Amino acid sequence: MYIHQQFCISPQHTIGPVHLEDLIPAADGKLTALEPVLEGVPPGMLRRMSKAVRMGIGAGLPLLKETVPDGIIIGTANGGMEDCIKFLNQIIDYEEGMLTPGNFVQSTPNAIAGQLSLITKNRHYNATHVHLGLAFENALLDAKMFLNGRPEQVYLTGAVDEISTYNYNIDRLAGWYDPKLNSADLFQTEHAATIAGEGAALFLLSGKREGALARIDAVETLHTEDPQYVEKRLEQLLATYPVTGNTLLLSGDNGDNRYRFFYSNLETLVPFTTVLRFKHLCGEYPTASSFATWLATYLLQQQRVPEVLLKKGSLPTAIDRIIIYNQYHGKQHSFLILSNH
């Protein structure tokens, strides 16, 4: 499965000229996405869109200017949640009377894929995967199953998640986020929390190698709290995709010391020359691995690693393969392997 085009909306400068060296820090424990100006969307429709839908449209439309995909597949955990809460509050406030239909239409996770389909008049396969920390990986697996049989097809695939007030407050009270944290302290101090993030990363995927930016070699997902099982699965992957001097590990370490052992165990399991991390750029959210996939593809294209990403080791002079490891709340884990084609 090959990535032919990609677009990323994130808290950093990832639209147009990419500037990852000049990091935008978190504010009040949040890294909020920088939204582009949406062109070609009717103002009336734009006014009713939630931020998650706006990000999904903003990342998807640039990829669809010259391409009619055979399907639109989106992964999300919290997409539509903000409008869902607004609609539920209206039911109470107006006693089930004059409710705003816009909040209802935008209140479901499939609103992002649906709006992309409506705007581009695409009547092909349309699906949304809502699997918390593995939503993006399941979207990739969905596209992969189609492309295994028909490699000439093209699928718009990616993930979108927003920082909704409702979800952020629930997660903050549960101890996942700390509003006092900032980007500089994320990996420098001991704390049992992290910073919240959001973003949208979408890709045009095909089974054809010609003109591709990168190849997705493997997508592995697992549900477990056992670190030894995670290590075993990585060992099995590395038997097929062995580590060389030009293989990088892109770690989803988010600074939360309760789950740091997952990352440190894997980093010492095999002799990775270079270990990178990315959560200080995008923050923590269920589909942050989609940002990591965009970043890995960008690094494979540039063949250069910004120093702000380096966790340990030395900056490589060449990059052949990048292994992404991410975990969500210590229960959902994923490995993504990308390489030059």
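Anyway, here's the lowdown on the structure attached to this text. Note that this is a predicted model, so its numbers are computed, not measured.

What follows covers helix H9 (residues 260-269). Where H9 is concerned, the buried positions are Phe-262, Tyr-263, Leu-266 and Glu-267. Considered in projection along H9, the buried side chains sweep an arc of 125° and stay on one side of the axis.

Right, let's get into unusual backbone geometry. Positive phi outside glycine occurs at Asp-28, with the angle close to 55°. By the element assignment, Asp-28 lies in the loop between strand E1 (2-9) and strand E2 (30-31). If you check the backbone angles, His-329 has positive phi at about 60° while not being a glycine. Secondary-structure assignment places His-329 in the loop between strand E12 (321-328) and strand E13 (332-339). A residue is classified by how much of its surface remains accessible, and His-329, at 23% relative accessible area, is partly exposed.

So, about the sheet that holds strand E10 (residues 274-277). With respect to topology, 11 strands assemble into an open sheet ordered E4-E3-E5-E7-E1-E8-E13-E12-E9-E10-E11, the strand pairing being mixed. Because the sheet does not close on itself, it has two edges, and the strands there are strand E4 (125-129) and strand E11 (310-313). Shown here is a sheet whose adjacent strand axes are inclined to one another by a mean of 20°, direction ignored. Here strand E9 (residues 247-251) runs beside E10; their pairing, made up of four bridges, is parallel. Within E10, the position partnered with Leu-250 by the bridge is Leu-276. H9 rests against E9, E10, E11, E12 and E13 of the sheet, and its axis sits at about 155° to E12.

Moving on, we come to the nonpolar core. Judged by nonpolar contacts, the single largest core of 42 residues is most densely connected at Leu-205, Leu-250, Phe-291, Trp-294, Leu-295 and Ile-322. By residue number, the principal contributor to this core is helix H11 (residues 288-302), which donates nine residues. Not counting chain neighbours up to four residues away, the residues in contact with Leu-250 comprise Leu-276, Arg-277, Phe-278, Ala-292, Leu-295, Ala-296, Ile-322, Ile-323, Ile-324 and Tyr-325. Counting residues in each nonpolar core, the second largest holds 25 residues, with Val-41, Ala-59, Ile-72 and Leu-204 among its members.

The rules we used
Residues numbered from 1 in each chain as written. Predicted model: local features only at pLDDT ≥ 70, side-chain atom pairs only at ≥ 80, totals over all residues. Heavy atoms only, no water. Buried < 20%, exposed > 50% of the residue type's maximum accessible area, 1.4 Å probe, protein only. Helix = DSSP H or I, 4+ residues; strand = E, 2+ residues; numbered from the N terminus. Arc of directions from axis to C-beta. Pairing = 2+ DSSP bridges. Axes fitted to C-alpha atoms, helices over the stretch in contact; angles between N-to-C directions. Contact = heavy atoms within 4.5 Å. Core = buried A, V, L, I, M, F, W, Y, C linked by side-chain atoms within 4.5 Å.

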